Amino acid sequence: MIDLSRLNPPQRAAVACTEGPLLVLAGAGSGKTRVLTYRVAHLMEMGVPAWKILAITFTNKAAREMADRVRQLTGEAGDEAWISTFHACCARILRRDIEKLGYKRQFAIYDADDSMTVIKSVLKAMNLSDKEYPPRAVRAAISDAKNRMLSPKEWLLDAGDDARNRKYSEVYAEYEKALRGNNALDFDDLLIRTLELLSQNPPVLEYYQRRFEYILVDEYQDTNAAQYELVRLLAGTKHNLCVVGDDDQSIYGWRGADIRNILDFEKDFPEAKVVKLEQNYRSTGNILDAANQVIAHNRGRKEKALWTEAGAGERIALYHALDERDEAAFVAQMARKLMGQGERPGEIAVLYRTNAQSRVLEEAFVRGGVPYRVYGGQKFYERKEIKDLICYMRALVNPDDDVSLRRIVNEPRRGIGEATIEQLASYAAQNELPLMSAVLDADAAGLSSRARKLVGEFGELMVDLTDAMYEQRPGEFVRTLIDRTGYVRALEAARTPENESRIENIKELEGAVAEFERLNPEGGLSDFLENVALVSDADAVDEAGGSVTLMTLHSAKGLEFDCVFLPGMEDGVFPLSRALYDDDQLEEERRLAYVGITRAKKRLFLSHARTRMLYNARSANPLSRFVGEIPARLIADSSQRGESRRVPPPSHARTGAAPRAGGRALGIEGVQKGYGGKFVGSQARALGGVALFRNGDRVIHRAFGRGEVVGVEGEGADQKVTVDFGGRTRTFSASIAPIIKVET
DNA sequence: GGTCTGCAGCTTTTT
DNA sequence: GCTGCAGACC
């Protein structure tokens, strides 16, 4: 029996109102996830089978958290509910019925990278220079068109029929053709094709409408036109649709999200009930106050009055750094200090505007010996060696996938060069065959005898691997793949540190497949590939909570932490320079600031750097206007008392490679002391650029794992450490290598 | 025909 | 500070 008394009155109303359309306007930290999970549990308690419930979230992380919390309330019965992202949900629907749209079941899902490859080849085939038609811009335009559900022709009408747009529209059309030829969908297609499937096949639509009697959509303010349409279709006529969102947290306008979807919900569903959640359970008064003041500078919002019963708490700290290194050092040292005060590392987060900001921060964390974890992008699967192996799998699962095949046909090197590939490709094009067919029919493609032999061998390899794929479980198959392609052997031939780390990554991939197999005993290779396409490593939650979180503000949405750092509070960084003169963009940046501030439960640290390396040049940016929008009374600002205490950089750090202490941090109690205090040793030294590691230190390397320092050479930024990883020793540059000291 | 090396350009945020 | 591409070299 779930206990509704643990909810406040509006929360309870939102849970209990199960029939008809419901809009829940949930301010930051107002218990939104709790409402959603209780709602699912409540529905089940009323006798609704879990499989009739569809809950859609924006990120995999949010989906997983929701699924976990539902399970806590309902037990295993809750596992039957579909709780997933829009994209994963669509992939699941398409996997079943995409043949009705003329694709084959084993369609590939292309990531942004693959899309770029396709676009580049389309531009090339059309003889358009990438100077005049930058692939990035073309891709963005196409994606934008798709998110607005516009076909190439419709897009042309909408964008204006000039010569340039006509070309864009042609590229878009060719791109679509190419994807189809490769039996592949891009991310946007997942939504578009699902819409197409449902609207063109009434029985399929009816099936899902009947099945999903109750639909919940999280982060509704971030839905785009296609997602909106999908929700409407699925909700059918019953309208048992509950959407939850906060217009102040709409931060995906650039991806086609349309804030009007939430603002107009009551117009779209006139019978809709509206519940406002305004009590904030997350943040202290000062933090909430700051957030409210900042967001109040936006226009056209739904009025909300977020309040809290919590006390004022500490004031918001503001650190004036000399440069980005100084700022990063401050963040790392402060994080360390907080940990010394008993804060769990998992309750500390550093949230930045752009991924590019993470590098300096990472370096500071490594130097300071503070365990951290960077969440961001799909880094792991984007690594060359991993992507290569994935492309082998994709080419095997989906023989129409020329894009993947081209990538691996000569990887590792087997003497099949560009010219040979082009010959094969033109043979394939003439006969309207996929490239793979040309490979298997190398004798007929008019190749030189040498090329014929090499391509023939490659074809045999692919045939053997196809057999293996059908006979073996994914875990075993990956090992076969690595062995038969000789991928690792090729890397081992040159034992460079780079290759060593690639081999380690490949081991990690093997591990990932094994883990997938364990969690999905029924899953085949294509299921694994789908997982890879839709689930980024950013979704891997750090269950142990043993490290500080570094991520972008965008990925932090929906999360909360005791202590939050917002570095880079500068006009030009946050808000981004391109948003400074555009009101709409500026408002979106402000909402992003609101999201950032409201992630913090107890303590918030803002910082800015007087100068910073930006786009390859050192620039000086003014303090972010968003900081100015926070009332001074809420800020513990250094510049108002005392003077800065400049510590001259140590002579051996004259290259500037080591971070310098000396930014001003007055008003933040104990920051300078923090350089001493409990962590005097390693911290003061880290800042001075003196020895960081000593013999006997236990360390963790991001790729090599646990080890022990067995040799140290040099000092400061130039320090070289030799580490023994259970028998294998490696030497690293201490300032660059991703090594963390485990015990101090 | 294939591979290696040096130089330019680029960076918003994500499924 | 990394990737893609062009040109030189094998």
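Residues numbered from 1 in each chain as written. Chains lettered and ligands numbered in written order. Predicted model: local features only at pLDDT ≥ 70, side-chain atom pairs only at ≥ 80, totals over all residues. Heavy atoms only, no water.

## Some points on the side chain of Arg-591
Next, step 1: As for its position among the elements, Arg-591 is in helix α28 (residues 583-597).
Next, step 2: For Arg-591, a relative accessible area of 10% translates into the label buried.
Next, step 3: Discounting chain neighbours no more than four positions away, the residues touching Arg-591 are Asp-247, Asp-248, Gln-249, Ser-250, Ile-251, Ile-259, Ile-295 and Asn-298. (Helix = DSSP H or I, 4+ residues; strand = E, 2+ residues; numbered from the N terminus. Buried < 20%, exposed > 50% of the residue type's maximum accessible area, 1.4 Å probe, protein only. Contact = heavy atoms within 4.5 Å.)

## A closer look at the environment of Ala-600
Next, step 1: As for its placement among the helices and strands, Ala-600 is situated in strand β14 (residues 600-609).
Next, step 2: On the basis of relative accessibility, which here comes to 0%, the residue Ala-600 falls in the buried class.
Next, step 3: Expressed as a C-alpha distance, the spacing of Ala-600 and Leu-559, which sit 41 residues apart in the sequence, is 9.2 Å.
Next, step 4: If we ignore the near neighbours within four places in the chain, the residues touching Ala-600 are Arg-282, Ser-283, Ile-287, Phe-561, Asp-562 and Val-564.

## Description of the packing of aromatic side chains
Next, step 1: Tallying each qualifying case throughout the model produces 17 aromatic pairs.
Next, step 2: An aromatic cluster is present here, built from Phe-58, Phe-86, Tyr-252 and Trp-254 joined pairwise through their rings.
Next, step 3: The lysine or arginine in question, Arg-95, covers the ring of Phe-107, its NZ or CZ lying 3.9 Å from the ring centre.
Next, step 4: When the ring centre of Tyr-252 is taken as origin, the NZ or CZ atom of Arg-255, which lies over that ring, is 4.7 Å away. (Phe/Tyr/Trp six-rings, centres within 6.5 Å; stacked < 30°, edge-to-face > 60°. Lys NZ or Arg CZ within 6 Å of the ring centre and 35° of its normal.)

## Re the pattern of salt bridges
Next, step 1: Within this structure, the stated rule accounts for 61 salt bridges.
Next, step 2: Of the charged contacts, one joins Lys-387 and Asp-114 as a salt bridge, the two residues approaching to 2.8 Å between their closest N and O atoms. One end of the pair, Lys-387, is in helix α18 (residues 384-397); the other, Asp-114, is in helix α5 (residues 112-125), and 273 residues separate them in sequence.
Next, step 3: Note on Asp-114: relative accessible area 4%, which makes it buried.
Next, step 4: Across the pair Glu-422 and Arg-406 runs a salt bridge, and its minimum N-O distance is 3.2 Å. You can see Glu-422 sitting in helix α20 (residues 418-430) and its partner Arg-406 sitting in helix α19 (residues 402-408), a full 16 residues away along the chain.
Next, step 5: Residue classification places Glu-422 among the partly exposed positions, given a relative accessible area of 38%. (Salt bridge = Lys/Arg side-chain N within 4 Å of Asp/Glu carboxyl O.)

## What about the packing of α18 against helix α23 (residues 474-485)?
Next, step 1: Put simply, α18 and α23 touch, their axes get as near as 11 Å, and they point 105 degrees apart. Comparing the axis directions of α18 and α23 gives the class roughly perpendicular. In contact with Leu-389, Tyr-392, Met-393 and Leu-396 of α18, α23 contributes Phe-477, Val-478, Leu-481, Ile-482 and Thr-485. (Axes fitted to C-alpha atoms, helices over the stretch in contact; angles between N-to-C directions. Parallel < 35°, antiparallel > 145°, perpendicular 65-115°, else oblique.)

## Brief notes about the protein's contact with DNA strand B
Next, step 1: Inspection of the region around DNA strand B gives 28 residues, with Arg-136, Arg-353, Gly-417, Thr-552 and Asn-616 positioned closest.
Next, step 2: If you look at DNA strand B and keep only atoms within 4 Å of the protein, 55% of those are sugar or phosphate atoms.
Next, step 3: Trp-254 places a side-chain nitrogen or oxygen 3.2 Å from a base oxygen of DNA strand B.
Next, step 4: His-554 is positioned with one of its side-chain polar atoms (N or O) 3.4 Å from a base oxygen of DNA strand B.
Next, step 5: Secondary-structure elements contributing two or more residues to the surface near DNA strand B are α20 and α27 (553-556).
Next, step 6: Taken together, the residues that form the surface near DNA strand B break down as eight nonpolar, 14 polar and six charged. (Near = heavy atom within 4 Å. Polar contact = N/O pair within 3.5 Å; in protein donor to acceptor, adjacent residues only side chain to side chain. Nonpolar A, V, L, I, M, F, W, Y, C, P; charged D, E, K, R; others polar.)

## Let's talk about the sheet that holds strand β8 (residues 273-277)
Next, step 1: The strand order across the open sheet formed by six strands is β3-β2-β6-β7-β1-β8, and the pairing between neighbours is parallel. The strands lining the two open edges of the sheet, one partner per strand, are β3 (82-85) and β8. Averaged over all neighbouring strand pairs, the angle between strand axes comes to 15 degrees, with direction disregarded.
Next, step 2: Judged from the four bridges that link them, strand β2 (residues 53-57) and strand β6 (residues 214-217) form a sheet pairing that is parallel. Across the sheet, Ile-56 pairs through a bridge with Val-217, a residue of β6. (Pairing = 2+ DSSP bridges.)

## A short note on the state of the cysteines
Next, step 1: Under the counting rule described, the total for this entry stands at zero disulfides.
Next, step 2: For the unlinked cysteine Cys-242, the closest cysteine sulfur is that of Cys-17, found at 7.9 Å. (Disulfide = S-S within 2.5 Å.)

## What to know about helix α1 (residues 9-16)
Next, step 1: When we look at burial in α1, the residues that qualify are Gln-11, Ala-14 and Val-15. Buried positions in α1, seen along its axis, are confined to an arc of 100 degrees and lie on one side of it.
Next, step 2: The backbone nitrogen of Gln-11 lies 2.9 Å from a side-chain oxygen of the residue at the head of α1, namely Asn-8. (Arc of directions from axis to C-beta.)

## Quick word on the side chain of Arg-95
Next, step 1: Along the chain, the position of Arg-95 falls in helix α4 (residues 86-97).
Next, step 2: Residue Arg-95 is classed as buried on the basis of its relative accessible area of 19%.
Next, step 3: In terms of polar contacts, Arg-95 uses its side chain to reach the side chain of Glu-530, at 2.8 Å.
Next, step 4: Once residues lying within four places of it in the same chain are set aside, the contact partners of Arg-95 are Arg-105, Gln-106, Phe-107, Ile-109 and Glu-530.

## Section: the confidence of the model for chain A
Next, step 1: Per-residue pLDDT for chain A averages 83, and the proportion of residues at 70 or more is 86%.
Next, step 2: In this model residues 640-691 is a low-confidence stretch, pLDDT under 50, and it forms 105 contacts with partners more than four residues away in sequence or in other chains. (pLDDT = per-residue confidence, 0-100.)

## Examining the nonpolar core
Next, step 1: Grouped together as the largest cluster of nonpolar side chains are 52 residues, with contacts concentrated most on Met-393, Met-462, Leu-509 and Phe-528.
Next, step 2: If near-sequence neighbours (up to four positions away) are discounted, Leu-509 is found in contact with Phe-380, Tyr-381, Ile-386, Leu-389, Ile-390, Met-393 and Phe-528. (Core = buried A, V, L, I, M, F, W, Y, C linked by side-chain atoms within 4.5 Å.)

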